[in-house]
Every structure is written in C-alpha cells, then in structure tokens.
Amino acid sequence: MKLCKTPAFLQDDTLRPAFYVLLTALAVLLRLSLLPVSNGDYTMFLHPWFQEIQLAGGFPALAEPVGDYTPAYLYLLAFLTYLPGYDLYLIKLPSCAVDFLLAFLVMRVVREFRPGPFSEMGAFFLVLFFPPVFLNSAGWGQCDGFYISALTACFLSCLHGKSNRAMLAFGVAFMLKLQAVFFAPFLLLLLLKRRLTWRSVLLVPAVYVASIVPAALLGRDFGELLTIYFRQTGTYPQLCMGIPNLYAFLGDQANEFVSRAGVLLAGAIVVLVLFFLVVRTYPLTKEFYLTAAFFFLFLVPYLLPHMHERYFMPADIFGLFYLFRYPKRFYIPLVLAVVDTLGQANFLFGIDPYNPIQPMSLLVLLVLVLLFGFLLSETGVKFPGKRAEKPQHT
C-alpha cells in the first residue's frame, strides 16, 4: 500500500501548526454562523422539551417522560437548562463539539488504511467541513454525531480485535439512538465468523440499562424506560420521510401492511447476505471489514420504511473511510454525501433539488449495487476485467 506524501509546505514545522489552527478556526466559525438557523425539529420537539425540563427544575423533570428520546440525551438537555443563554444555541453547541471528537476518531480509522500525516489530518478536516456533519450539528441541532462517534470507535475496536471494547462502544451508540442497529448486521457477521465473542454482547444491554438507572431513581417507570424504542418505531407512519430509498416510489403515504412487509423484506435480504458471507471461506482483511461495514450501513436504511433524511449519515462517515482506502471509487461516497446534503438542506432551508425523489433513489440503488459487487470481490468472487488489490489481514 502506498503512503500519502505530505506536501512540502506542510512539512515545515512552522507553517503546519499555523495551517491547522487556521482550518480549526474556520470550522468553528462555520458552525457559529449556523447557530441562529431554526428548524421544525427545534420548534416542535427540542424547544418544548427544553422548556418543560427547565420549568420543572431541571433533572427532577426526568421523573416523567419528556419527548421520545432515551434518557442519555435527556440528561444532557437537563444539564443545559441550568446554563444561561438562548436554548437554540445551548442545544446545538454540544453537537458541534462532538464533531471534533468524530473528526479525531475518523482520523484514527483512516490511519489504519492510509497512514501518513497528510491523509490523517486531511480526514480530520474533511469531517469538520463535510456538509452532512456540520448541517446536522450546527444547522439542525441533532445529536447524530454522538452515536456515529460511538459506532466509529466500535469499528476501530473491531479492526484491532477488541471484542469487549467494540461491544461497549456499540452499547453507547445504542443507548443514544436506535439507528445504531444499522451497524448490527456487521457485528453479527463478526460474531458468526468468531472475530468477536458472544459473551461480549452482554455489554450492549448492560450499557443501556445503566443509562436508564438514573432516570428510574428519579421516579420514572423502569418498564417504560426499557420500551422506549418500541414506542419510537410507531411515531412516524409515513413510509418515506425525505430520504431517497426504496420507499421513495410510494411517497409520504402511510400504509401499515406495506410497512410490515417492508421490515420483513429488509430482514430477509440482510439474512441472505449474511448467510452468503458466513458460509464462504475468504481472508478477513481490513478491506473486507471496511467494505462490509459500509455496505450494511448503506443497505439497511435503503431497505427500511419510515426512514428520515439524515439516516444515511453513518454510511456517509464510513464512506469517507472507503474514499481514503479506494480513492478511485470516489463516486460511491460522493453520491451518498450529495444525497444526504441535499436532504438536510431541503429540511433546513426549504431547498428541494431532487424533486421528484424517485430518480435519486434509483441512483442510490445503482451505487449500492456497485458497492455490493465490491463486497463480493472481497470474498473471492471473480468479475471479468477486475484487478485484485493487495489485502491487509486484521
């Protein structure tokens, strides 16, 4: 594997730190410029939740259900109510701070595939200026960066064969957002391939239970806390919520029978892919890990109904890993990033550049099929005219 050469001006011990400081300052200013942007999620959900917690005295308010998020995020929201300032800014600032943690973790993963100061720092700053990231945190005020950071840490632990650390990180991701389950098929594959231990899986529910204990001690019903995600799944009846996936062809209509069939179809396809990957014999390289993780994070939200605009964001981040490892396949992460950016821009600013949404869904399906082909090639499936790349064993 070729190492990235650092440009001459970055080799200068004086210029390089100044360049990094300048880029960091610009990343901060970019986020500050987006803090005043309001949106429907803030006005309908986050702002009322913040006010409800604040009027009830902060943490004592968590003795009763507030919103439909897990307590892990509500603890943060309760803490923020004690701070002076405009609640819109207070809600967004922690998400902006986590962008830098995510950038650091992305840098660490990129080091596994393309080590070198230029590629590593390039990955760090690419995340900070990546539209799906700063729109999600500074524009939207969402906390997706929290659980995606945990998923990134989980993947890094998988690369190093650290089963307990991987499941602990996945448990943190799951306690924050149900969308962490998009990563579950990849972890199940590693479990079935005996690269992770089944005993370590117990850490996932243990982390979730530990996260709800403080809310239970405050007086909230423990059984209700355990079933938050079951109630979340019925919050939005629309089959497609602005994301160009399989259900873009059905619009935003609600159909309970299609919904159930869609979940079963998604499960069947994931099981079939897992079965194929489990029964075949092939070297479990770092490249295979990367391609499989990226593929499942892409596949699951494409197949499931009731998905939101931003649910491709975990795949966006893993697409950056893929870009650094396979720069000639840039079109796959590029399409995904453009789709996610346009979806978030539409929600935040009323921009609707992919109308109708169906053609975009077909484009996404095309790159998903191409990615599946590259995954098959990692397992030894031969395609005419394809040149094999040298793998790295984990």
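Summary of the structure given here. No experiment lies behind these values; they were computed from the predicted model shown. (Residues numbered from 1 in each chain as written. Predicted model: local features only at pLDDT ≥ 70, side-chain atom pairs only at ≥ 80, totals over all residues. Heavy atoms only, no water.)

## Quick look at the overall build of the protein chain
This is how it is decided: Per the convention used, a helix needs a DSSP run of H or I reaching at least four residues, while a strand needs a run of E reaching at least two, with both numbered from the N terminus. Every radius of gyration here is taken over C-alpha atoms, with the globule rule written as 2.2 Å times N^0.38, N being the number of residues. Relative accessible area decides the class of each residue, using a 1.4 Å probe on protein chains only: under 20% of the type maximum gives buried, over 50% gives exposed, and in between gives partly exposed. Two residues qualify as a contact provided that any one of their heavy atoms is within 4.5 Å of a heavy atom in the partner residue. With residues, only the protein chains shown are counted as cover, and all accessible areas are computed by Shrake-Rupley using a 1.4 Å probe. Positive charges come from Lys and Arg, negative ones from Asp and Glu, while His and the chain ends are left out of the count. The atom standing in for a charge is NZ when the residue is Lys, CZ when it is Arg, CG when it is Asp and CD when it is Glu.
For the protein chain, the count of helices and strands is 18 helices and 2 strands. Taken against the 2.2 N^0.38 rule, which gives 21 Å for 394 residues, the C-alpha radius of gyration of the protein chain at 21 Å falls within 12% of a compact globule. In terms of principal-axis extent, the alpha carbons of the protein chain reach across some 65 × 60 × 45 Å. Within the span of the protein chain, comprising 394 residues, buried residues form 54% of the whole. Excluding contacts between residues fewer than 6 apart, the proportion of contacts in the protein chain whose partners are at least 24 apart in sequence is 76%. Looking at the protein chain as shown, the accessible area adds up to about 17,400 Å², and 70% of this sits on carbon and sulfur atoms. Of the charged side chains in the protein chain, 28 are positive and 22 negative, and the gap between their average positions amounts to 17 Å.

## Concerning the pattern of salt bridges
Close approach of charged atoms allows side chains of opposite charge to pair. Using the following cut-off: In the sections that follow, a salt bridge refers to a side-chain nitrogen of Lys or Arg positioned within 4 Å of a carboxyl oxygen of Asp or Glu.
Scanning all chains against the criterion turns up 8 salt bridges. Notably, a salt bridge pairs Glu112 with Lys286, separated by 2.8 Å at the nearest N-O pair. With Glu112 in helix 5 (residues 87-113) and Lys286 in helix 15 (residues 286-303), this pair connects stretches of sequence that are 174 residues apart. With relative accessibility at 14%, the residue Glu112 sits in the buried group. The class of Lys286 is buried, set by a relative accessible area of 15%.

## Regarding unusual backbone geometry
One non-glycine residue, Arg194, lies in positive phi territory at about 65°. Unlike most non-glycine residues, His306 shows phi in positive territory, near 65°. Within the secondary structure, His306 sits in the loop between helix 15 and strand 2 (307-308).

## Let's talk about the environment of Gly40
Structurally, Gly40 can be placed in helix 3 (residues 40-55). On the accessibility criterion, Gly40 (25% relative accessible area) is partly exposed. Separated by 188 residues in sequence, Gly40 and Ile228 place their C-alpha atoms 22 Å apart. Not counting residues up to four positions away in its chain, the partners in contact with Gly40 are Phe45 and Phe347.

## Regarding the nonpolar core
Rules: Joining through side-chain atoms within 4.5 Å is the link that ties buried Ala, Val, Leu, Ile, Met, Phe, Trp, Tyr and Cys residues into a set, and such a set is a nonpolar core.
Among the nonpolar cores identified, the biggest contains 127 residues, and Phe155, Phe183, Phe186 and Phe298 are the most heavily contacted of them. Looking at which element gives the most residues to this core, the answer is helix 15, with 14 residues. The residues contacting Phe155, other than those within four sequence positions of it, are Val109, Phe113, Phe183, Phe186, Tyr289, Leu290, Ala293, Phe318 and Phe321.

## Digging into the environment of Phe257
If you trace the backbone, Phe257 turns up in helix 14 (residues 256-279). Residues Phe257 and Ala56, spaced 201 residues apart in sequence, show a C-alpha to C-alpha distance of 41 Å.

## With respect to a nonpolar patch on the surface
Heads up, the rule is: Like charges are joined within 9 Å and nonpolar side chains (Val, Leu, Ile, Met, Phe, Trp, Tyr) within 5 Å, but only among residues with over 30% relative accessible area and no salt bridge; these make up the patches.
Taken together, Leu22, Leu26, Val28, Leu29, Leu32, Tyr86, Tyr89 and Leu93 make up a surface patch of nonpolar side chains, about 710 Å² in accessible area. Put simply, the parts of the chain that give the nonpolar patch at least two residues each are helix 2 (15-34) and helix 5. By residue number, the principal contributor to the nonpolar patch is helix 2, which donates 5 residues. Positionally, Leu29 belongs in helix 2.

## Things to note about the layout of surface pockets
Operational definition: Any residue with an atom within 4 Å of a point lines the site, the site being either a cavity, points on a 1 Å grid over the protein atoms alone where a 1.4 Å probe fits but cannot get out, or a pocket, an open set with protein on both sides within 12 Å along at least 5 of 7 lines. Grid points are joined across faces, edges and corners, and a volume is the space filled by probe spheres set on the points.
Within this model, the largest pocket holds a volume of roughly 1,000 Å³. What lines the largest pocket is a set of 42 residues, among which Leu178, Gln179, His306, Met307 and Tyr311 lie closest to the centre. Of all the secondary structure elements, the ones that give two or more residues to the lining of the largest pocket are helix 3, helix 10 (184-192), helix 13 (228-232), helix 14 and strand 2.

## Digging into the packing of helix 2 against helix 7 (residues 131-139)
Heads up, the rule is: Note on method: axes are straight lines fitted to C-alpha atoms, helices fitted across the in-contact stretch only, with angles between N-to-C directions ranging 0 to 180 degrees. If an angle is under 35 degrees, it is roughly parallel; if it is over 145, roughly antiparallel; if it lies from 65 to 115, roughly perpendicular; otherwise it is oblique. Two helices cross in a left-handed way if the nearer one is turned anticlockwise from the farther one by less than a right angle. They cross in a right-handed way if the turn is clockwise. Only Asp, Glu, Lys and Arg are considered charged, only Ala, Val, Leu, Ile, Met, Phe, Trp, Tyr, Cys and Pro nonpolar, and every remaining residue, Gly among them, polar.
Look at helix 2 against helix 7: their axes get within 8 Å of each other, and the N-to-C directions meet at 50°. Our classification of the angle between helix 2 and helix 7 gives oblique. You can see that helix 2 and helix 7 cross each other, and the crossing is right-handed. Residues Leu30, Arg31 and Leu34 of helix 2 form the contact with helix 7, whose participating residues are Val133, Phe134, Ser137, Ala138 and Gly139. For the contact of helix 2 with helix 7, the per-class residue count stands at 5 nonpolar, 2 polar and 1 charged.

## Considerations on the packing of helix 2 against helix 6 (residues 117-128)
Where helix 2 contacts helix 6, the two axes come as close as 10 Å, and the packing angle between them is 15°. Between helix 2 and helix 6, the crossing angle belongs to the class labelled roughly parallel. When you trace helix 2 past helix 6, the crossing you get is left-handed. Across the interface between the two elements, Tyr20, Leu23, Thr24, Ala27, Leu30 and Arg31 from helix 2 touch Pro117, Met121, Phe125, Val127 and Leu128 from helix 6. Among the residues making up the contact of helix 2 with helix 6, the classes are represented as 9 nonpolar, 1 polar and 1 charged.

By themselves, these figures tell us nothing about what the structure is for.
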